[in-house]
Amino acid sequence: MDSRITKGIKNWIIYLGILSASSLLLDAKQIGSGEEFNWLTQAERFFEMKDPSVRRVALGALLMGISCGLIGSFVVTRRLSLFGDTLSHAVLPGVAIGFIWAGEKDNFSLMIGAGLAGFAGVCCISLLRKFTKIHQDSSLGIVLSAFYAIGICLLTRIQKIGYSNQSGLDSFIFGQVSALSSDDLIGLLIALGFIGIFIVLNFRQLLATGFDPQFSKSIGIPNDFLQFGLWVLIAFCVISSLQLVGVILVSAMLVIPAATASLFSKRMKEYLLLSSLLGAGAGLGGTFLSFLGKNLPAGPIIVLVSSSIFFLILFLRPEKGVLFRWLNARSVQSRIAIENMLKTAFQIVEQNGFEDNEISSLEIMKRRGLSRAEVEKEIENLAHSGLATKNLSSNPAANLPPQTVLTLTPKGWEYACRIVRNHRLWELYLTDEAHYEPDHVHDDAEKIEHVLGEETVRQIERLLKNPKTDPHGKLIPSITDIHQGSLSRST
Amino acid sequence: MKPQGLPIEVHDLTVSYQKKPVLYGVDLEIAEGSLVGILGPNGAGKSTLIKTIMNMIKPNGGYVKIFGDAPQKGIKRIGYIPQKESVDWDFPVTVSDVVLMGRYGHHGWLSRIGQEDRNKASECLEQVNMLAYADRPIGNLSGGQQQRVFLARALAQESEVYLMDEPFAGVDAVTEKTMISILREMQKSGKTLMVVHHDLASAKEYFDQLLLLNMRKVAYGSVPEVFTHELLQKTYGGKLAVLSEMATKVAKAS
Ligand SMILES: Nc1ncnc2c1ncn2[C@@H]1O[C@H](COP(=O)(O)OP(=O)(O)OP(=O)(O)O)[C@@H](O)[C@H]1O
Ligand SMILES: [Mg+2]
């Protein structure tokens, strides 16, 4: 799942970097033109939504976010992201031709031109696939760049000739929200309507063909029709979003919200819901930020918000997120350190025949091969967790400087017994049931003892019929021993 | 009950991909309630035969009949397990979603999946011992568990005939035994099954009839008749390569 997402995302990061830089330098296209700049009043103006242009852009971005999120779910799960990219670039010459034909920036003819060009692009891809052995990704790349190049040439030509009403035509490359008209809004609404209806009517069929095309064909689902339907809808979505984000960034909106949703969704319904919410959120958030900042272009900001959400979630999501894993690893490490100290303490007490319950830090240093400072720190940790108490040496025999002495609390003692027990039970289990050699088992048990759950311990006990000694002949402290205190320190 | 034709009848079937024949003049008549194993080397055309019977590939010559009817009509009466490779295991569906797909064929375009279907799906999952995994994403299962889910989906289809393409691929010995006992039970309840299998030794025990296939139908019959050294040699040995070569030449020339 990850490879197809990262591929799409990677392209977008590169694009975004270049774009946000270049569009900041160029004459940037932002919404509203605040006279004096004040964050708070600007934010207030946005939320009041009194300004009709703000309202229009916010609504447009919302609609676009939902459409892109919905159709994007299918783009990502069916590995069509490069296809979406190609389609969005392929419409550019259509926009130019539509302009030349109408002689002005007439929305309707631009849309028709874009639609026809998109269709021509799809035909080229199909032909390449049918008659050559070129891989799909290469043929998509060829069509993408060829169409885009034609588009750029035509646009430059138009500018050179100098049509009267050409201004804002290049906005189809980067998007220009200030030129968003109510016709554009209607276009967005229609696209969303078609997408919604198509998905609701064919949800089951889309699920079956996406997962297992052979099977779905066998039960009579028209795979090709559904595939074609998706293509047409992707084209709709792309064309209707052009005015907002432009040809280059529109396919980012197809990929990023859906890819973000794929980080958690187990089922298609969740996927669609999350992805459309994320798209909508990015649309609104981007519009807001672009309104707030004076010179920020809305289209790239929307995409930027969307990708920031992606990375934020990648970093923060529970269980698999980087942050969560790091915190988790830290807490596991400190637990293991404590458990290792307790085990050492147990072994020292055991060596003394359970007579003496004072454990000198010197002894611990010797056994664990640690420095004085390290041991002091670990003793501090134990004392802090209430597992041991710390005293100064009361041993008058030598003239040594007073040293730290450790005494386990009842809670610490029980914990120590449990760890030793886990270790020794596991060793016994490995030798008896898995037939390891006794000298192979120690290292393995060193790791396992920290992760064995209560339940597994019970299970091993039952398997081994409550053993008393480990493979090295040492005592396995049993739970009843621990509770009845028969092993307990001589108090 | 009015008399009906054989569950599967294949007559002089020829199938090619881009002019290269893969199946050549295959005749086959499968009686109701048979459990047939299909054997043949890689690339023999086993999957192709199954897909053609399922009407997913158009034959170049000959015909297929399902219960005496054209395959389009009979399609609803056949259940299918495709070869594992054709599936997108990363797709966001859970195990129970997959099994529910077996019920889709029972519903028209707009009719909804109901509680009955869900119950049936759970029942089938239980039968293959996978109910505990119902809410897991399908991609998280092991290969053998995925095959069991596919068997559950086939059960949920409640078809009369089943075509299974390597249902035992990647399944351990114990699971294979339980799966074959499920197939046996299906057979007892009157279903007709054709199963592609790759292990010669176990094929002898599992199936009643065997179809040996390598571009041609080499043999079809009960296990003792067909499972002979000579016939197996003919299927798996290189002798049929000449036929394949000639057939390709003829097809290209015409
Ligand atoms: N879509 C296709 N286009 C072209 N040739 C194909 C196609 N599918 C299969 N073939 C060819 O048809 C022949 C038979 O393929 P088929 O998949 O039926 O074999 P099989 O017996 O199922 O093999 P396996 O045991 O490997 O599954 C092979 O030589 C294969 O290369
Ligand atoms: Mg096959």
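Residues numbered from 1 in each chain as written. Chains lettered and ligands numbered in written order. Predicted model: local features only at pLDDT ≥ 70, side-chain atom pairs only at ≥ 80, totals over all residues. Heavy atoms only, no water.

## Things to note about the nonpolar core
To keep things clear, this is the line we draw: In this description, a nonpolar core means a group of buried Ala, Val, Leu, Ile, Met, Phe, Trp, Tyr and Cys residues linked to one another through side-chain atoms lying within 4.5 Å. Burial status follows relative accessibility: with a 1.4 Å probe on protein chains alone, a residue under 20% of its type maximum counts as buried, one over 50% as exposed, and anything between as partly exposed. The helix count covers DSSP runs of H or I at least four residues long, the strand count covers runs of E at least two residues long, and both are numbered beginning at the N terminus.
Counting 134 residues, the largest nonpolar core has F83, F211 and I234 of chain A together with I138, M164 and L183 of chain B as its most contacted members. Here this core gets 24 residues from one element, more than from any other, and that element is helix 10 (residues 223-262) of chain A. In terms of nonpolar packing, the next biggest core, distinct from the first, is built from 28 residues, V10, M54, M194 and V196 of chain B among them.

## Some thoughts on the coordination of the magnesium ion (ligand 2)
Residues and elements named next belong to chain B. For clarity, the threshold we go by: For Na, K and Ca the donor cutoff is 3.2 Å, while for all other metals N, O and S atoms count as donors only within 2.8 Å; water does not appear among the atoms, so some sites may look incomplete.
Coordination of the magnesium ion (ligand 2) by the protein comes from S47 (OG) and Q83 (OE1), over a distance range of 1.9 to 2.4 Å. Note that S47 is positioned in helix 1 (residues 46-53) and Q83 in the loop between strand 5 (78-81) and helix 3 (95-104), a separation of 36 residues in sequence. Here S47 falls in the buried class, since its relative accessible area comes to 18%.

## Structural notes on the packing of aromatic side chains
This is how the line gets drawn: Stacked, tilted and edge-to-face are the three classes applied to pairs of Phe, Tyr and Trp rings, where Trp contributes its six-membered ring and a pair requires centres within 6.5 Å; stacked means planes under 30 degrees apart, edge-to-face means over 60, and tilted covers the rest. We count a charge as sitting over a ring when the NZ of a lysine or the CZ of an arginine lies within 6 Å of the ring centre and within 35 degrees of the ring normal.
In the structure shown here, the tally under the stated rule is ten aromatic pairs over all chains. Taken together, a centroid distance of 5.1 Å and an interplanar angle of 35° make the contact between W426 of chain A and Y429 of chain A tilted. Of this pair, W426 of chain A and Y429 of chain A both sit in helix 16 (residues 410-432), three residues apart, which is roughly one turn of that helix. Look at Y429 of chain A and you get partly exposed, because its relative accessible area is 23%. Through pairs of rings, three or more aromatic residues link up here, namely F211 of chain A together with W89 and F150 of chain B. Note that R153 of chain B overlies the ring of F215 of chain A, its terminal NZ or CZ placed 3.6 Å from the centroid. When the ring centre of F150 of chain B is taken as reference, the NZ or CZ atom of R153 of chain B above it lies at 4.3 Å.

## Brief notes about the interface of chain A and chain B
Threshold: Should any heavy atoms of two residues lie within 4.5 Å, those residues are counted as being in contact. Summed over both partners, the accessible surface that disappears when two parts come together, traced with a 1.4 Å probe, is what is meant by buried area. Any Lys or Arg side-chain nitrogen found within 4 Å of a carboxyl oxygen on Asp or Glu counts as a salt bridge. Polar contact criterion, stated in full: a pair of N or O atoms within 3.5 Å, where within protein one must be able to donate a hydrogen and the other to accept it, and residues adjacent in sequence count only if both atoms are side-chain atoms.
Facing the 25 residues of chain A at the interface are 35 residues of chain B. Across the interface of chain A and chain B, roughly 2,700 Å² is buried in total on both sides, 61% from carbon and sulfur atoms. Three residues, R204, F211 and F215 of chain A, lead the burial of chain A against chain B; their summed loss comes to 31% of the area buried on that side. One can count four salt bridges joining chain A with chain B. One salt bridge in this structure joins D88 of chain B and R79 of chain A, with 3.3 Å as the shortest N-O distance. Linking chain A with chain B are nine residue pairs in polar contact (both at pLDDT 80 or more). If you list the elements that add at least two residues to the side of chain A that touches chain B, you get helix 8 (182-211), helix 9 (213-218) and helix 11 (268-292) of chain A. With nine residues, helix 8 of chain A is the single largest residue contributor to the side of chain A that touches chain B.

## Observations regarding the environment of S171 of chain A
All names here are of chain A. With respect to the element layout, S171 can be found in helix 7 (residues 171-174). For S171, a relative accessible area of 0% puts it in the buried group. Taking the C-alpha atoms as reference points, S171 and M253, 82 residues apart in sequence, are found 17 Å from one another. Every residue in contact with S171, bar those within four places of it in the chain, is listed here: Q176, L242, Q243 and G246.

## Some details on a nonpolar patch on the surface
All names here are of chain A. Formally: Residues with no salt bridge and a relative accessible area higher than 30% make up the patches, which join like charges within 9 Å and nonpolar side chains (Val, Leu, Ile, Met, Phe, Trp, Tyr) within 5 Å. Here the Shrake-Rupley method, with its probe set to 1.4 Å, supplies the accessible areas, and only the displayed protein chains count as covering residues.
Taken together, the side chains of F119, I186, I190, F194, F228, V232 and F236 present a nonpolar region at the surface, about 650 Å² in accessible area. Looking at the nonpolar patch, the elements with two or more residues in it are helix 8 and helix 10. Positionally, I190 belongs in helix 8.

## Things to note about the environment of F207 of chain B
Residues and elements named next belong to chain B. By the secondary structure assignment, F207 is in the loop between helix 7 (200-206) and strand 8 (209-214). Residue F207 is classed as buried on the basis of its relative accessible area of 2%. Sequence separation between F207 and M194 is 13 residues, and the spatial gap between their C-alpha atoms is 9.4 Å.

## Here's the deal with the confidence of the model for chain B
Residue and element names in this part refer to chain B. Where we set the bar: Per-residue confidence from the predictor is reported as pLDDT, which spans 0 to 100.
Per-residue confidence for chain B averages 87 on the pLDDT scale, and 92% of its residues sit at or above 70. Averaged pLDDT values for the elements of chain B fall to 61 in helix 10 (residues 241-253) and rise to 95 in strand 7 (residues 192-196). Predicted as a complex, the structure gets a pTM of 0.76 and an ipTM equal to 0.88.

## Some details on the site of ligand 1
Residue and element names in this part refer to chain B. Basically, it comes down to this: For each residue, the test is whether any non-hydrogen atom lies within 4 Å of the molecule or strand; if one does, the residue is near. Three classes are used, and their members are as follows: Ala, Val, Leu, Ile, Met, Phe, Trp, Tyr, Cys and Pro are nonpolar, Asp, Glu, Lys and Arg are charged, and the others, Gly among them, are polar.
Taken together, 15 residues lie around ligand 1, and N42, G43, K46, S47 and T48 are the ones closest in. Between ligand 1 and N42, the relevant distance is 2.9 Å, taken from an oxygen atom to a side-chain nitrogen or oxygen of the residue. A distance of 3.4 Å separates an oxygen atom of ligand 1 from a polar atom in the side chain of E166. Here ligand 1 loses 63% of its free accessible area of 630 Å² to cover by the protein chains. At the level of secondary structure, the elements contributing two or more residues to the shell around ligand 1 comprise strand 2 (20-30) and helix 1. Sort the elements by how many residues they give to the shell around ligand 1 and helix 1 lands first, with three residues. Each residue belonging to the shell around ligand 1 can be placed in one class, and the counts come to four nonpolar, eight polar and three charged.

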